[in-house]
Structure formats: C-alpha cells, structure tokens
Amino acid sequence: GFLIILIGGGGSSGGGRSNNDDNPHRPAYSGSGGAGAVAVKFYSESEMGANASVTVGSGGAASTSNGNSGGSSSVNPAGSGATCTAGGGGGSNYASSPSSGFTATAGGSGGTCSNQLLAWNGAAGITGNEAGYTNTNAAEFSGNTYGSGGAGKHHPDSSGSTGNAGGAGYVVVFQW
C-alpha cells in the first residue's frame, strides 16, 4: 500500500505603501497569507496502479499588489483510486491603514480527498493592521516552512514594496 501526505502551498502576503500625504503619516500593514491545507490518504496497490502523477504546489509569489494564492499539491493515481488534493492558501490583500479594519484571508481547502484518513483546512490569514500581523501562518502537521502563509509586513515608506512569499507545498509518499 501507499500512504500519501500532501501539504498545499501557502499564500503570500500583500504588498503596500504608506500614505505619506496624511498628517500624521499613516503606516500600512499587510496581513499574513493563508496556510496550505493538509491531507493524509491511503491507497492500496490496485488504487495506485503502476504509476501516478504527483504535483507539489508552489508557494504564492511575493507581489507589490495583492498577495498570490499558493498552488495545490495532489496525487493522481493510474489505478482505480481517485485523485487527492490539498489546496493552497489564499494571498492577503494589498496593505491597509490601521483604520481600514480587518478581513480574513482564506486558508487552503483540505476536504478534497474521498475517504481520506485525515485532513486539515489551512489556517486563515489576516489582512490589515492586526496585533501580531508579522507572524507566519504555519500549515498543520509540519514544523517546517512547507505550506506556510507569507508573514504580514509593515510598509512604512511611500514607495510600493512587496509582501512575503508563501512556503512551497510538500508531498511525502510511504510505500510498504
């Protein structure tokens, strides 16, 4: 049999710039991107088949505008088994001033495998000037940067600056 662990790519945080026309100056903050989802799935030999197509999701690329979503990680077996996917996290919006409020940034969807053993949706990020906005949203089941949402960023200058990239996805295949 085969045990597959999939972690989707994390979304990136948005870019931004402060509004230096205001007095006092208003700093701008972009929140963290959403983390990639995690799915754990077992395939028998007949479900997996002779070979399979495996996709490792990319992390959301850093941008000077809105953040980018991370890519999904998936396994598409050649046998009778169904494709299993762990979705990528969403990117956070372009930076907002503290008075603009906070909105959620979607985490990746982990419920896309039929009969998976375990699945976690990716943690949602935050867009806006939130306490702790610089934290990285880590994916479940991983102490590494795989599937992490890009950390929020303070954009103190009036010229546009980029957010932080999301962590790449990850795929582990155990065979016995």
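No experiment lies behind these values; they were computed from the predicted model shown. (Residues numbered from 1 in each chain as written. Predicted model: local features only at pLDDT ≥ 70, side-chain atom pairs only at ≥ 80, totals over all residues. Heavy atoms only, no water.)

Caption draft 1: Quick look at the pairing of strand β1 (residues 2–7). Taken across its 6 residues, β1 has 5 buried, putting it largely inside the fold. Here 6 bridges tie β1 to strand β3 (residues 38–43), and the two strands are oriented antiparallel to one another. For Phe-2, the partnering residue across the bridge sits in β3 and is Tyr-43. Strand direction decides the pairing type here: β1 and strand β11 (residues 170–175), joined by 6 bridges, are antiparallel. Looking at β11, one finds that Ile-5 is bridged to Val-172. (Buried < 20%, exposed > 50% of the residue type's maximum accessible area, 1.4 Å probe, protein only. Helix = DSSP H or I, 4+ residues; strand = E, 2+ residues; numbered from the N terminus. Pairing = 2+ DSSP bridges.)

Caption draft 2: Highlighting the sheet that holds strand β5 (residues 73–77). Here 3 strands make up an open sheet; going across it, the order is β4-β5-β6 and the pairing antiparallel. Every interior strand has two partners, whereas the edge strands, β4 (52–55) and β6 (84–86), have only one. When strand polarity is set aside, the average angle formed by the axes of neighbouring strands in this sheet is 5 degrees. Pairing of β4 with β5 involves 4 bridges; the strand directions are antiparallel. By the bridge assignment for β5, Ser-53 is matched with Asn-76. (Axes fitted to C-alpha atoms, helices over the stretch in contact; angles between N-to-C directions.)

Caption draft 3: Spatial organisation of the sheet that holds β11. The antiparallel open sheet is built from 4 strands, whose spatial order is β8-β3-β1-β11. The open sheet has two free edges, formed respectively by β8 (118–120) and β11, since each of these has just one partner strand. In this sheet, adjacent strand axes meet at a mean angle of 15 degrees when their direction is disregarded.

Caption draft 4: Structural view of the nonpolar core. With 11 residues, the main nonpolar core is built from Phe-2, Ile-4, Leu-6, Ala-37, Ala-39, Tyr-43, Met-48, Val-75, Cys-84, Ala-86 and Val-171. Those elements that provide at least two residues to this core are β1, β3 and β6. The residues contacting Val-171, other than those within four sequence positions of it, are Ile-4, Ile-5, Leu-6, Val-54, Thr-55, Val-56 and Ser-73. (Core = buried A, V, L, I, M, F, W, Y, C linked by side-chain atoms within 4.5 Å. Contact = heavy atoms within 4.5 Å.)

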